[in-house]
Amino acid sequence: TVIVGFHKSNKSPFDPYKFSKTERETLELLSKNKNVILNVFAKPYALMDVDMTNISSILVSYQNNVTAQNKSAQIIFGALPALGKLPVSINDNYPVHTSITTKTLDRLSYGSPSSLNFDLDKLNSIDSFIKDAIEKKMTPGAQILISRNGKVIFNKNYGYKTYDKNELIDWDNLYDLASLTKILSSVPLLMNEFENKTIDEESTLSDIIPDLNLVDKRNLLLKEMLAHQSGLYPWIPFYKETLDSINHDPLSSFYSKKNNKHSISVNRNLFLKNSFLDTINKRIINSELSQNKSYLYSDLPYYFFKYFLEKKYNTSLDKLLKKTILDSIGANYTTYNPLELFNNKKIVPSEIDNYFRKDTIVGYVHDMGAAMQGGIGGHAGLFSNSNDVAKIMQMYIQNGKYGSKTFFSKSTIDYFNTCYYCDDGNRRGLGFDKPQIDDSSPTCGCVPMSSFGHSGFTGTYVWGDPENNIVYVFDTL
């Protein structure tokens with residue numbers, strides 16, 4: 001499909017508006033070989049000399065300005081319906097009042113907060129909060145997005161990528177999402193397994209990973225692991241055993257500056273030896289397991305989930321996520337290892353690392369464990385912007401549907417978005433964080449129990465409220 005935009009001057013109704021001979025010939029050639037959508041940002045009379053026989057669809061936007069371009073793009077992509085009618089006749093085949101009416105495809109649209117009766121003063125107060133945070137050096141910059149009823153009504157970028165104030169934050173800049181990776185990568189892939197009945201409520205770790213000697217962890221329920229109720233150790237600093245004990249520099253026995261037998265890239269010009277992946281697995285399998293199954297947040301389940309998914313599909317987690325979710329939902333700015341696709345100018349630095357890689361980390365994941373997995377972790381490693389994150393969250397609150405595709409059934413969404421251990425003082429769903437049940441709170445106390453989200457160590461945060469149809473995305477460092 002080729003979308004052709006025909007743009008003419010918007011200054012005066014008497015300015016030239018017709019297609020040139022070359023433009024008509026090009027359009028005719030294109031439409032014979034491709035599915036062409038022609039978007040005319042000029043008066044309808046511009047079409048009088050155009051051979052429209054093979055053109056698949058025509059959208060007349062009348063004017064060439066930002067508003068017309070914005071609305072036209074949303075109509076083409078199914079975020080807004082096409083409701084207009086031709087006010088004039090173009091020829092016998094297209095008389096006055098000719099129209100094509102389209103329906104929306106449950107994609108995010110973009111509009112003004114006033115259209116949904118938002119209190120503009122309250123929304124504007126967000127500016128002062130972020131300005132205060134930037135001035136006090138809590139963060140150099142941020143992206144914030146809010147949508148309601150599928151319409152993005154607040155989408156702003158604040159400040160700079162670093163405190164040097166050299167580069168402003170832009171909408172297409174990518175942030176290290178940290179633990180948002182859990183609910184934007186691992187959880188949807190496990191939802192897919194649940195839909196396919198590969199896993200169920202009684203599945204244990206040994207059911208999905210029968211090839212490993214899991215020792216005392218073989219009977220752990222996936223349900224418990226996803227809710228951080230399994231007794232697994234919270235975190236293992238794998239990187240520490242690869243550093244010199246005096247200067248804490250990377251040891252040459254583990255790292256190389258060249259990509260040879262050391263092919264796991266943890267930072268620019270720093271490669272970890274491949275065999276250390278086996279060490280990570282052994283450390284997790286032999287880690288301490290508490291017999292007191294109470295809430296304890298842990299990254300370790302997601303190492304197991306990554307192993308299971310990659311082993312089953314014989315492909316890396318990033319490729320599996322791209323094929324299963326990202327491509328279909330249009331999350332074109334969401335990826336692991338973003339430097340493979342984007343210039344580093346598009347990526348917000350994750351941190352100044354003075355304890356492991358001794359560098360400003362840009363385009364490499366902050367999380368040390370994910371970095372030692374080549375940047376692709378089940379618990380961390382994903383980079384994205386606020387707009388893409390909102391798409392995935394919108395899919396969740398629309399009961400698994402987005403665009404023209406159903407990713408998951410409502411029953412699957414409900415199964416994962418349930419607090420199974422609330423009576424034990426654990427507010428978590430399966431992968432998702434949930435509203436507070438005591439004074440320890442991820443939320444304001446003003447959201448329904450059906451809402452869900454997650455936070456990330458780097459300063460990222462997302463929340464979805466299906467009852468009020470609200471998505472909130474906060475990206476910062």
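Scroll up to find the structure.
Cut-offs applied
- Residues numbered from 1 in each chain as written.
- Predicted model: local features only at pLDDT ≥ 70, side-chain atom pairs only at ≥ 80, totals over all residues.
- Heavy atoms only, no water.
- Helix = DSSP H or I, 4+ residues; strand = E, 2+ residues; numbered from the N terminus.
- Rg over C-alpha atoms; globule rule 2.2 N^0.38 Å.
- Buried < 20%, exposed > 50% of the residue type's maximum accessible area, 1.4 Å probe, protein only.
- Contact = heavy atoms within 4.5 Å.
- Lys, Arg positive; Asp, Glu negative; His and termini not counted.
- Charge placed at Lys NZ, Arg CZ, Asp CG, Glu CD.
- Phe/Tyr/Trp six-rings, centres within 6.5 Å; stacked < 30°, edge-to-face > 60°.
- Lys NZ or Arg CZ within 6 Å of the ring centre and 35° of its normal.
- Disulfide = S-S within 2.5 Å.
- Pairing = 2+ DSSP bridges.
- Axes fitted to C-alpha atoms, helices over the stretch in contact; angles between N-to-C directions.
- Left-handed = near helix turned anticlockwise from the far one by under 90°.
- Nonpolar A, V, L, I, M, F, W, Y, C, P; charged D, E, K, R; others polar.
- Polar contact = N/O pair within 3.5 Å; in protein donor to acceptor, adjacent residues only side chain to side chain.
- Salt bridge = Lys/Arg side-chain N within 4 Å of Asp/Glu carboxyl O.
- 1 Å grid on protein atoms, 1.4 Å probe; cavity = no way out; pocket = protein on both sides within 12 Å on 5 of 7 lines; lining within 4 Å.
- Points joined across faces, edges and corners; volume = space filled by probe spheres on them.
- Parallel < 35°, antiparallel > 145°, perpendicular 65-115°, else oblique.

(A) Representation of the overall build of the protein chain. The number of helices and strands found in the protein chain is 12 helices and 19 strands. Computed over C-alpha atoms, the radius of gyration of the protein chain comes to 26 Å, within 12% of the 23 Å expected from 2.2 N^0.38 for 477 residues, which places it in the range of a compact globule. Along the first, second and third principal axes, the C-alpha atoms of the protein chain reach 80 × 50 × 50 Å. Expressed as a percentage of the 477 residues in the protein chain, the buried residues total 49%. For the protein chain, long-range pairs separated by at least 24 residues make up 59% of all intrachain contacts whose partners lie at least 6 apart in sequence. Here the protein chain holds 52 positive side-chain charges and 51 negative ones, and the gap between their average locations is 5 Å.

(B) Structural view of the packing of aromatic side chains. As enumerated under the stated definition, the model contains 18 aromatic pairs in all. Their ring planes at 55° and their centres at 5.7 Å tell us that tyrosine 415 and tyrosine 420 sit as a pair that is tilted. For tyrosine 415, a relative accessible area of 11% corresponds to the buried category. Site record: aromatic cluster; members linked through ring pairs are Phe194, Tyr415, Phe416 and Tyr420. Note that lysine 43 overlies the ring of tyrosine 17, its terminal NZ or CZ placed 4.7 Å from the centroid.

(C) Just the state of the cysteines, in detail. What the rule picks out here adds up to two disulfides. Across a sulfur-sulfur distance of 2.0 Å, cysteine 419 and cysteine 422 are joined as a disulfide pair. Note on the cysteine 419 and cysteine 422 pair: the S-S dihedral is about 125°, so by sign convention the disulfide is right-handed. Each sulfur of the disulfide joining cysteine 444 and cysteine 446 lies 1.8 Å from the other. The disulfide joining cysteine 444 to cysteine 446 has a torsion of about -75° about its S-S bond and is therefore left-handed. An identical accessibility class is assigned to cysteine 444 and cysteine 446; each is exposed. Cysteine pairing in the protein chain follows 1-2, 3-4, where each cysteine in a disulfide is numbered by its order in the sequence.

(D) Representation of the sheet that holds strand β8 (residues 255-256) in the model. Strands sit in the order β8-β10-β9 across an open sheet of three strands; the sheet is antiparallel. The open sheet has two edge strands with one neighbour each: β8 and β9 (264-267). Where β9 lies against strand β10 (residues 270-272), three bridges are found, and the strand directions are antiparallel. Residue pairing for β10: serine 265 is matched across the bridge by phenylalanine 271.

(E) Quick peek at the packing of helix α4 (residues 180-195) against helix α11 (residues 386-397). Taken N-terminus to C-terminus, the directions of α4 and α11 make an angle of 35°; their axes are 12 Å apart at the nearest point. Once α4 is placed against α11, the crossing between them reads as left-handed. Note on element contacts: α11 touches α4 through Val389, Ile392, Met393 and Tyr396, opposite Ile183, Leu184, Val187, Pro188 and Met191. A per-class count over the contact of α4 with α11 returns nine nonpolar, no polar and no charged.

(F) The arrangement of the environment of aspartate 207 in detail. Structurally, the position occupied by aspartate 207 is in helix α5 (residues 205-208). For the pair aspartate 207 and serine 455, spaced 248 residues apart in sequence, the C-alpha separation works out to 30 Å. Here threonine 204 takes part through its backbone nitrogen, which lies 2.9 Å from a polar atom of the side chain of aspartate 207.

(G) Region of the structure containing the pattern of salt bridges. Counted under the stated rule, the structure contains 22 salt bridges. With its nearest N and O atoms 3.9 Å apart, the salt bridge here joins lysine 18 to aspartate 49. Here lysine 18, found in the loop between β1 (2-7) and α1 (21-33), pairs with aspartate 49, found in the loop between β2 (36-41) and β3 (57-60); they are 31 residues apart in sequence, far enough to count as distant. A relative accessible area of 41% means that aspartate 49 is categorised as partly exposed. Of the charged contacts, one joins lysine 312 and glutamate 193 as a salt bridge, the two residues approaching to 2.5 Å between their closest N and O atoms. Here glutamate 193 lies in helix α4 and lysine 312 lies in helix α8 (residues 300-313), a separation of 119 residues in the sequence. It is possible to trace a salt-bridge network through shared partners that takes in Arg427, Arg428 and Asp433.

(H) Expanded view of the layout of surface pockets. Quantified by volume, the largest pocket comes out at close to 820 Å³. Lining the largest pocket are 33 residues, with Ile58, Leu59, Val60, Ala82 and Ile100 positioned closest to its centre. Taken together, the elements giving at least two residues each to the lining of the largest pocket come down to β3 and α2 (66-76). If you tally residues by element for the lining of the largest pocket, the top one is α2, at five residues. Residues of the lining of the largest pocket, tallied by class, amount to 20 nonpolar, nine polar and four charged.

(I) The environment of valine 88, seen in detail. Looking at the element boundaries, valine 88 is found in the loop between α2 and β4 (109-110). You can call valine 88 buried: its relative accessible area is 19%. The residues touching valine 88, leaving out its near neighbours within four places in the chain, are Pro44, Tyr45, Tyr94, Pro95 and Val96.

(J) Main features of helix α7 (residues 276-285). Buried within α7 are the following residues: Phe276, Thr279, Ile280, Ile284 and Ile285. For α7, the elements touching its buried residues are β10 and α8.

(K) Region of the structure containing the packing of α7 against α8. For the pair α7 and α8, interaxial distance at closest approach is 11 Å and the crossing angle is 130°. Looking at the two axes, α7 sits oblique to α8. Remark: the crossing between α7 and α8 carries left-handed chirality. Residue-level inspection shows Ile280, Asn281, Ile284 and Ile285 of α7 in contact with α8, the latter providing Leu300, Tyr303, Phe304 and Tyr307.

(L) Inspection of unusual backbone geometry at higher detail. Despite not being glycine, asparagine 149 shows a phi value in the positive range, around 55°. Within the fold, asparagine 149 resides in the loop between β5 (141-148) and β6 (151-159). Judged by its relative accessible area of 45%, asparagine 149 falls in the partly exposed class. In the Ramachandran plot, asparagine 399 falls in the positive-phi region, its phi being about 60° despite a non-glycine side chain. Within the secondary structure layout, asparagine 399 lies in the loop between α11 and β15 (401-402). Taking relative accessible area as the criterion, asparagine 399 reaches 30% and is therefore assigned partly exposed.

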